[in-house]
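Here is what each chain is made of, one letter per residue.
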Amino acid sequence: MKTTGRAAASLTLVALSTAAAFAQEAAPAAAPAAPAAPTPVLDTGNTAWMLTSTALVLMMTIPGLALFYGGMVRKKNVLATIMQSFAITCLVTVLWFMFGYSLAFSDGGGMNAYLGGFSKFFHHGITTSTLWLPGVANIPEFVFSMFQLTFAIITPALIAGAFAERMKFSALLIFMGLWLVFVYAPIAHWVWGGGFLGSAGVLDFAGGTVVHINAGVAGLVCALVLGKREGYGTTNMAPHNLVYSVIGASLLWVGWFGFNAGSELAADGLAGAAMMNTQVATAAAALAWMFAEWIVAKKPSVLGIISGAVAGLVAVTPASGFVNPTGAFIVGIVAGVLCYISAVKVKHMFGYDDSLDAFGVHGVGGVIGALLTGALADPAINALGKGASVGTQVYGIVFTILWTAIATFVILFIVKALVGLRPSSQEEVEGLDVTQHGEVVP
């Protein structure tokens, strides 16, 4: 009995052990726990490059654009012209900190296709630990905002070239403030902030649409609404100091590497491609403008070669991160020739007074660059170029032109009703330096 009981117990234990073993073999192995997603950490290399790029782009306006435009006006208006660039830098900085950044780059909720929201007014909620594009660029959001601020500064400053020598300083300040909020911020959001143009596939690597078409079209509207300068067509209005303009153009060229290569938001191969493309297109456009002028006017001018360089910089801006260097070379040649025709021939044909060719170079050059981006984008340079098309680029160009033209026109008439747009004829003849600022260059 005892033996039988022990045998039964032994058999029971064996059976249980065997069943447990089969159960273990049948049960699937437990999946290893998924590793926790790494916490995004600031990328010091990208951050260092973006800090450098930001300083380069700020240099484009002060002193670059200030000297470039200042040298091209008459001596009696040089201080007023330089003052415009400097004052716009100050005004836009304050407005960007308060409202502009949030309207361009925050989430607009149900209206996000058209405008950002109010959540980041006065940079609310951004700290030293806040990263822009966590897991991608990993740069501080303060640095991203500052970088974009430099774009917001130069865009309205470019417009001033179209109405140089004939707008009241008070009118300029009100116009530029309203224009930043109601024109620049929405269009920046449309293309770069999650709006409908970027979502539709419009390609603009560094600002062909947001900056140059935007500023150029606004400049043309300003030139038409304000009318021609006193004595236009009969008085000598040659540049008073082309040395200033050459220095300014050179600063623009160097600063543009921050503009284009910096728009990658990272220190990588694509930033290097954008830098090379910028150099090639600029040189090609400068030579193309120079040779076109040499053929037509029989002499290559200093003003011509620097204007051609700026035209190349403008046209390659949207394309710099999408085309290969051969494409950039083509962009430069086309821009140099067509911007020469626009600034020198078309302007005189239609008789409008675009004082420093803001539309002829930036508006036309921006359109050329945007179209050629669609035609020449190379997916080997940037995978986003795979879906590029001229038709999509035209879509972006048309919407930008329409909104900029209509909104600029409305803002000008608001300003005209508030303070007037132009000084008196006598004040304009005396010069804006003394009549607007009480100073003169000896």
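Residues numbered from 1 in each chain as written. Predicted model: local features only at pLDDT ≥ 70, side-chain atom pairs only at ≥ 80, totals over all residues. Heavy atoms only, no water.

## Concerning the overall build of the protein chain
At step 1: Tallying secondary structure elements over the protein chain gives 15 helices and two strands in all.
At step 2: On C-alpha atoms alone, the protein chain measures out to a radius of gyration of 29 Å, which is more than a quarter above the 22 Å that the 2.2 N^0.38 rule sets for 442 residues.
At step 3: Taken along its principal axes, the extent of the C-alpha atoms in the protein chain is 135 × 45 × 35 Å.
At step 4: Counting over 442 residues, the protein chain shows a buried share of 52%.
At step 5: Put simply, 79% of the contacts in the protein chain that link residues at least 6 apart link residues at least 24 apart.
At step 6: By element, 72% of the accessible surface of the protein chain is carried by carbon and sulfur atoms, the whole surface being about 18,600 Å².
At step 7: A distance of 3 Å separates the average location of the 17 positive side-chain charges in the protein chain from that of its 19 negative side-chain charges. (Helix = DSSP H or I, 4+ residues; strand = E, 2+ residues; numbered from the N terminus. Rg over C-alpha atoms; globule rule 2.2 N^0.38 Å. Buried < 20%, exposed > 50% of the residue type's maximum accessible area, 1.4 Å probe, protein only. Contact = heavy atoms within 4.5 Å. Areas by Shrake-Rupley, 256 points an atom, 1.4 Å probe, with all protein chains shown as cover. Lys, Arg positive; Asp, Glu negative; His and termini not counted. Charge placed at Lys NZ, Arg CZ, Asp CG, Glu CD.)

## Here we look at the environment of Ala104
At step 1: Turning to its location among the elements, Ala104 is positioned in helix H3 (residues 78–105).
At step 2: The class of Ala104 is buried, set by a relative accessible area of 0%.
At step 3: Along the chain, Ala104 and Ala185 lie 81 residues apart, while their C-alpha atoms are 4.8 Å from each other.
At step 4: Here Ala104 is in contact with Trp96, Ala185, Ala188, His189 and Gly193, once residues within four sequence places are set aside.

## With respect to the state of the cysteines
At step 1: Summed over the entire model, instances satisfying the criterion amount to zero disulfides.
At step 2: Of all cysteine sulfurs in the structure, the one in Cys339 sits closest to Cys222, which takes part in no disulfide; the separation is 19 Å.
At step 3: For Cys222, a relative accessible area of 0% translates into the label buried.
At step 4: Look at Cys339 and you get buried, because its relative accessible area is 0%. (Disulfide = S-S within 2.5 Å.)

## Things to note about the packing of aromatic side chains
At step 1: Within the structure shown, the criterion is met by 27 aromatic pairs.
At step 2: Between Phe151 and Phe259 the ring centres are 4.3 Å apart and the planes differ by 10 degrees, which places this aromatic pair in the stacked class. Of this pair, Phe151 sits in helix H4 (residues 141–159) while Phe259 sits in helix H8 (residues 242–261), and the two are 108 residues apart along the sequence.
At step 3: Residue Phe151 is classed as buried on the basis of its relative accessible area of 1%.
At step 4: The interplanar angle of 5 degrees and the centroid separation of 5.9 Å between the aromatic rings of Phe291 and Trp294 together place this pair among those described as stacked. In this pair, Phe291 and Trp294 are both assigned in helix H9 (residues 269–297), three residues apart and thus about one turn of the helix distant.
At step 5: You can call Phe291 partly exposed: its relative accessible area is 42%. (Phe/Tyr/Trp six-rings, centres within 6.5 Å; stacked < 30°, edge-to-face > 60°.)

## Section: the packing of helix H10 (residues 302–316) against helix H12 (residues 358–376)
At step 1: With their axes 7 Å apart at the nearest point, H10 and H12 run at an angle of 45 degrees to one another. Classed by the angle they form, the pair H10 and H12 counts as oblique. Between H10 and H12 lies a crossing whose hand is right-handed. Along the contact surface, H10 presents Val310, Ala311, Val314 and Ala315, while H12 presents Val361, His362, Gly365, Gly366 and Gly369.
At step 2: Of the residues belonging to the contact of H10 with H12, the class tally is five nonpolar, four polar and no charged. (Axes fitted to C-alpha atoms, helices over the stretch in contact; angles between N-to-C directions. Parallel < 35°, antiparallel > 145°, perpendicular 65-115°, else oblique. Left-handed = near helix turned anticlockwise from the far one by under 90°. Nonpolar A, V, L, I, M, F, W, Y, C, P; charged D, E, K, R; others polar.)

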